Amino acid sequence: MDDAVISDFHDIFHTRRRIFALKLSSKAAIGAISGLGKVGILFLGGWLVLRGQNDVRTVVASLTGLMRIEGPWRDLVGFFRQASTVRVKYGMLADAVATRPER
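Before going into details, it helps to say that this report is about the structure given with it. Model, not experiment: these values are computed from the prediction. (Residues numbered from 1 in each chain as written. Predicted model: local features only at pLDDT ≥ 70, side-chain atom pairs only at ≥ 80, totals over all residues. Heavy atoms only, no water.)

**Here's the deal with the overall build of the protein**
Then, in step 1: The helix and strand inventory of the protein stands at two helices and zero strands.
Then, in step 2: For a compact globule of 103 residues, the expected C-alpha radius of gyration is about 13 Å, and the protein comes in at 23 Å, more than 25% above that figure.
Then, in step 3: Long-range pairs, those at least 24 residues apart, make up 65% of the contacts in the protein between residues at least 6 apart in sequence.
Then, in step 4: In the form shown here, the protein has an accessible surface area of approximately 8,700 Å², with 67% of it arising from carbon and sulfur atoms. (Helix = DSSP H or I, 4+ residues; strand = E, 2+ residues; numbered from the N terminus. Rg over C-alpha atoms; globule rule 2.2 N^0.38 Å. Contact = heavy atoms within 4.5 Å. Areas by Shrake-Rupley, 256 points an atom, 1.4 Å probe, with all protein chains shown as cover.)

Set out below in structure tokens:
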């Protein structure tokens, strides 16, 4: 009985560890994409302004549009992250109930 409990604990620990790693990596990816988008707009917009092919208002409008997109995008990724976590937890609970000994 003790070996089964330790094995279950080990499985749960590693599953939660994978979930945590996925969560942190997706947060890092969102942060990197967000930062690269802002840097890209500023770099390309500044280059075009210096060449006289664009003005500062266009760069500011592009940054504002990007910031408006980031909110819903972050919510969408958060939803799918939470749905994935719930799916894993439900699967673990269903397995635990299915393998529960009859009394």
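There is more to say after this.
**As for the side chain of threonine 15**
Then, in step 1: Within the element layout of this structure, threonine 15 appears in helix α1 (residues 2–51).
Then, in step 2: Sequence-distant contacts of threonine 15, that is, excluding residues within four places in its chain, are made with Val88 and Met92.

**Remarks on the pattern of salt bridges**
Then, in step 1: With the rule as written, the count across this model stands at two salt bridges.
Then, in step 2: A salt bridge links glutamate 70 to lysine 38, with the shortest nitrogen-to-oxygen separation between them at 3.9 Å. One end of the pair, glutamate 70, is in helix α2 (residues 56–98); the other, lysine 38, is in helix α1, with 32 residues separating them in the sequence.
Then, in step 3: We classify glutamate 70 as buried; its relative accessible area is 16%.
Then, in step 4: Note on lysine 38: relative accessible area 31%, which makes it partly exposed.
Then, in step 5: Arginine 57 is paired through a salt bridge with aspartate 55; the nearest N and O atoms lie 2.9 Å apart. (Salt bridge = Lys/Arg side-chain N within 4 Å of Asp/Glu carboxyl O. Buried < 20%, exposed > 50% of the residue type's maximum accessible area, 1.4 Å probe, protein only.)

**Observations regarding a nonpolar patch on the surface**
Then, in step 1: A contiguous nonpolar patch, built from Ile69, Trp73, Leu76, Phe79 and Phe80 and spanning about 570 Å² of accessible area, is present on the exposed surface.
Then, in step 2: Within the element layout of this structure, phenylalanine 79 appears in helix α2. (Patch = residues over 30% accessible without salt bridge, like charges linked within 9 Å, V, L, I, M, F, W, Y side chains within 5 Å.)

**What about the packing of aromatic side chains?**
Then, in step 1: Applying the stated criterion to the full structure yields one aromatic pair.
Then, in step 2: Where phenylalanine 79 meets phenylalanine 80, the ring centres are 5.3 Å apart and the plane angle is 70°; that geometry is what we call edge-to-face.
Then, in step 3: A residue is classified by how much of its surface remains accessible, and phenylalanine 80, at 51% relative accessible area, is exposed. (Phe/Tyr/Trp six-rings, centres within 6.5 Å; stacked < 30°, edge-to-face > 60°.)

**Some thoughts on α1**
Then, in step 1: For α1, with 50 residues, the first-to-last C-alpha span of 73 Å sits near the 74 Å given by 1.5 Å per residue.
Then, in step 2: Along α1, the residues that are buried comprise Thr15, Ser26, Ile30, Ser34, Gly45 and Leu48.
Then, in step 3: Buried-residue contacts for α1 involve α2.
Then, in step 4: Of the residues trailing α1, glycine 52 is marked for its positive phi of about 85°. (Expected span 1.5 Å × (residues − 1).)

**Section: the environment of leucine 44**
Then, in step 1: Secondary-structure assignment places leucine 44 in helix α1.
Then, in step 2: In this structure the C-alpha to C-alpha distance between leucine 44 and histidine 14, which are 30 residues apart in sequence, comes to 44 Å.

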